[in-house]
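A look at the structure
Next come the chains, spelled out residue by residue.
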Number of protein chains: 2
Amino acid sequence: MFEAILAARERLEGQAHRTPVMTSRTLDERVGAAVHLKCENFQRMGAFKFRGAFNAVARIPVGDRPRGVVTFSSGNHAQAVALVGRMLDIPTTVIMPRDAPRIKRQATEGYGAEVRRYDPATTDRETLAREIQAQQGGIMIPPYDHPDVIAGQGTATLELHAQVGDLDLLLVPCGGGGLLSGSAVAARGLMPGCRVVGVEPELADDAARSFRTGVRQTVHNPPTIADGTRTPSLGRLTFPLIQDHVDDFATVSEAAIREAVRFLFYRLKLVVEPSGALGVAALLSGALKPRGRVGIILSGGNIDGPTMAKILQDEAD
Amino acid sequence: MFEAILAARERLEGQAHRTPVMTSRTLDERVGAAVHLKCENFQRMGAFKFRGAFNAVARIPVGDRPRGVVTFSSGNHAQAVALVGRMLDIPTTVIMPRDAPRIKRQATEGYGAEVRRYDPATTDRETLAREIQAQQGGIMIPPYDHPDVIAGQGTATLELHAQVGDLDLLLVPCGGGGLLSGSAVAARGLMPGCRVVGVEPELADDAARSFRTGVRQTVHNPPTIADGTRTPSLGRLTFPLIQDHVDDFATVSEAAIREAVRFLFYRLKLVVEPSGALGVAALLSGALKPRGRVGIILSGGNIDGPTMAKILQDEAD
């Protein structure tokens, strides 16, 4: 898998942004470590998901591309597949829950994808996606449980390492585990002494429980503000990679997530969506005691105006 | 003055952040030019004002420093002087209007300044500042009408030029004219072919009127959302520098300012205060037709939560 990440880096050259790394004296003083924030909120379409989607879609042989691509996603992977489809002139169909943030649905449609909405309380999205795929004959690029997607996501850590050197600790948000597994494999390959920790909302802690029990656990449409982590479980591919390469998990409260989004807004002047702020939430809340040089992947910045407005006004947390 | 800007750059080395320059494919497509955003919202204390304040305060002879520094400011200069005072161990007193954004007042107090509030409807801040200065014997560092302050502000354009090369057009927000005059002098010295345009809110267009009439015009506490431009007039030093080195002015509506703040939030994932978004507002609103390579100084990011919440929720502009 590490070789696949290196190959993905070549494929993404000139296509993905090399996102900047930001630091903050205030954050370092507050948590007692040197923190490096990898700003994937500045990635194309506003999240790391571009990396995996481009890597996976670009590997579809030219002769197969007219069949189109089908995927399911609560948001950022949907936008990523839609954008890559437009770039490579491949039709895309995206299955999206009715409660996905409006900004993500509109952006997906804006990139030219056909959006099919469903009710997550009553419908399993993977089943629905396979039905649609069977009808249309499209090629399925799932949001995380696909080797090319995982390899693409791992490139963010390659870049971070090239930008700031070895780290002692790497904090990565975890939904379905595509970013976390790719990041962990990349970190192992580059800096074996770096501790890799996945961060989840307490309300959606299926990965942490899976990691601790050794058995894949699930959640069902958890009511966390971190919409990127509402995935039902780790994947069949991501779970074993996480078992092999991740050192630990931390979980954070909804209040801690909101505080992290506010901190990034006021102190760093960065727009980061709740899922993207999980690593910062783990440090600010004390869920994790850092030491030395810390990397955090700020995974995305696609937050609805009303959601941000509520977080900013709700300062009594 | 150009030599003074070069000297200020030396003085600021290792003290001010070398802020990044961001670009956006979407912005470029929308306005038909290659736009380079100089992110002074990422400057220390969140605005370019750190540059001028540090340059001016650092030039106070060590023997005079115990007298302390006095200033008046609607916000960002206040924070800048307070932070520099803390860095250089100099006591600071700041005269601030009662309606200044809370985030700016709290940050100023947080850096250890003594804040003296006044009612801008009934009191002239410069007179009040001089009274306090006379009582306390402090050294006055005004927010813009001071050669060392102007020279410090000019360093942002030196950096932008070093980062991206020659520009055809440079857009700079204008309140009291410290940033604009410093930027214009720097641009003249480095790239004589670059057109320099000041941008003001329509509601606070005193500088544009002064520039056109050749006589310094005033406004009185204008009700613009761009609080950094609520200054009553250009200064005695900044006005002639602007007459000599600025090519033109553009003015923008309140709706255009809000739209620019939203655009920077949603598309660039940047937190920019209304005054800082004036250059982007001029382009997006069509107030100015750009060509070629454009530089815009995003002057600051210190926006109150409630103000941002209102801008994000008010999408029917």
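Because the structure is predicted, anything quoted here is derived from the model rather than measured. (Residues numbered from 1 in each chain as written. Chains lettered and ligands numbered in written order. Predicted model: local features only at pLDDT ≥ 70, side-chain atom pairs only at ≥ 80, totals over all residues. Heavy atoms only, no water.)

1. Quick word on the overall build of chain A
Worth spelling out the cut-off: A run of H or I in DSSP becomes a helix once it reaches four residues, and a run of E becomes a strand once it reaches two; helices and strands are each numbered from the N terminus. We compute the radius of gyration from the C-alpha atoms alone; for a globule the expected value is 2.2 Å times N to the 0.38, where N is the number of residues. Buried means the residue's accessible area, taken with a 1.4 Å probe over protein chains only, is under 20% of the maximum for its type, while exposed means over 50%, and partly exposed covers the values in between. Every residue pair with non-hydrogen atoms within 4.5 Å of one another is taken to be in contact. Accessible surface is estimated by sampling points in the Shrake-Rupley manner with a 1.4 Å probe; for residues, cover comes only from the protein chains shown. Just so you know, the count uses Lys and Arg for positive and Asp and Glu for negative, and it drops His and the chain ends. All charge positions are set by atom: Lys at NZ, Arg at CZ, Asp at CG, Glu at CD.
On a plain count of helices and strands, chain A comes out with 13 helices and 10 strands. The globule rule puts the C-alpha radius of gyration for 317 residues at 20 Å, and the 18 Å found for chain A is close to it. Along the three orthogonal principal directions, the C-alpha set of chain A runs to about 55 × 40 × 40 Å. Counting the 317 residues in chain A, one finds 61% classified as buried. Long-range pairs, those at least 24 residues apart, make up 73% of the contacts in chain A between residues at least 6 apart in sequence. In the form shown here, chain A has an accessible surface area of approximately 11300 Å², with 47% of it arising from carbon and sulfur atoms. Here chain A contributes 36 positive and 35 negative side-chain charges, whose respective centroids are spaced 2 Å apart.

2. Some remarks on the domain arrangement of chain A
All names here are of chain A. Heads up, the condition is: Residue ranges assigned to the domains are those given by an automatic or database domain assignment. Throughout, the accessible surface (probe 1.4 Å) given up by two parts as they are put together, summed over both, is called the buried area. In what follows, salt bridge is the name for a side-chain nitrogen of Lys or Arg lying within 4 Å of a carboxyl oxygen of Asp or Glu. Whenever a nitrogen or oxygen atom comes within 3.5 Å of another N or O atom, the pair is scored as a polar contact, on the condition that within protein one atom can donate a hydrogen and the other can accept it, and that pairs from neighbouring residues in sequence are kept only if both atoms are in side chains.
Considered domain by domain, chain A is made up of domain 1 (2–47 + 147–316) and domain 2 (50–140). The centre of domain 1, based on its C-alpha atoms, is set 23 Å off from the matching centre of domain 2. Across the boundary between the two partners, domain 1 contributes 32 residues, which contact 24 residues of domain 2. Taken over both partners, the interface formed by domain 1 and domain 2 buries close to 2400 Å², and the fraction arising from carbon and sulfur atoms is 51%. Ranking the residues of domain 1 by area buried against domain 2 places Arg11, Met45 and Asp148 at the top, with a combined share of 27%. Run the count over domain 1 and domain 2 and you get 5 salt bridges. Here aspartate 227 ties to lysine 104 by a salt bridge, and the two come within 2.6 Å at their closest N and O atoms. Inspection of the domain 1/domain 2 interface yields 13 residue pairs in polar contact (both at pLDDT 80 or more).

3. Description of the pairing of strand S5 (residues 114–118) of chain B
All names here are of chain B. The criterion, for reference: Any two strands are treated as partners once DSSP identifies two or more bridges connecting them. Seen with the strands pointing away from the viewer, any crossover whose path from the first strand over the helix to the second strand runs clockwise is right-handed.
Alignment of strand S4 (residues 92–97) against S5, held across 5 bridges, turns out to be parallel. Of the residues in S5, the one forming a bridge with proline 97 is tyrosine 118. Read as a crossover between parallel neighbours, the route from S4 over helix H5 (residues 102–110) to S5 is right-handed.

4. Things to note about the packing of aromatic side chains
Residue and element names in this part refer to chain B. Our working definition: What counts as a ring pair is set by centres within 6.5 Å for rings of Phe, Tyr and Trp (its six-membered ring), and what kind of pair is set by the plane angle: stacked under 30 degrees, edge-to-face over 60, tilted for all other angles.
As enumerated under the stated definition, the model contains 6 aromatic pairs over all chains in all. For the pair phenylalanine 211 and phenylalanine 249, a centre-to-centre distance of 5.2 Å together with 55° between the ring planes defines the contact as tilted. Highlighted residues: phenylalanine 211 in helix H9 (residues 206–213) and phenylalanine 249 in strand S9 (residues 248–252), separated in sequence by 38 residues. Accessibility classification places phenylalanine 211 together with phenylalanine 249 in one group, the buried group.

5. A look at the interface of chain A and chain B
Often, the extent of an interface is quoted as the loss of accessible area on bringing the components together. Contacts between chain A and chain B engage 25 residues on the former and 25 residues on the latter. Taking both partners together, chain A and chain B bury about 2000 Å²; carbon and sulfur atoms supply 64% of that area. Summed over the shared surface of chain A and chain B, the number is 0 salt bridges. For the pair chain A and chain B, the number of links is 8 residue pairs in polar contact (both at pLDDT 80 or more). Of all the secondary structure elements, the ones that give two or more residues to the side of chain A that touches chain B are helix H5 (102–110), helix H11 (254–266) and helix H13 (305–313) of chain A. No other element matches H13 of chain A, which puts 5 residues into the side of chain A that touches chain B.

6. Quick word on the relation of the copies chain A and chain B
Copies of the same chain, two in number, are related to each other by a rotation about an axis and a translation along it. Quick note on the threshold: For the least-squares superposition of copies, only C-alpha atoms count, and only for residues with pLDDT at least 70 in both.
Once turned by 180° and shifted 0.0 Å along the axis, chain A lies on chain B with an RMSD of 0.0 Å. One copy is carried onto the other by what is essentially a two-fold rotation axis. By C-alpha distance to the rotation axis, the residue of chain A lying nearest is alanine 309 of chain A, at 2.1 Å. Looking at the interface residues of chain A, 100% of them are also at the interface in chain B, so both copies use one shared face.

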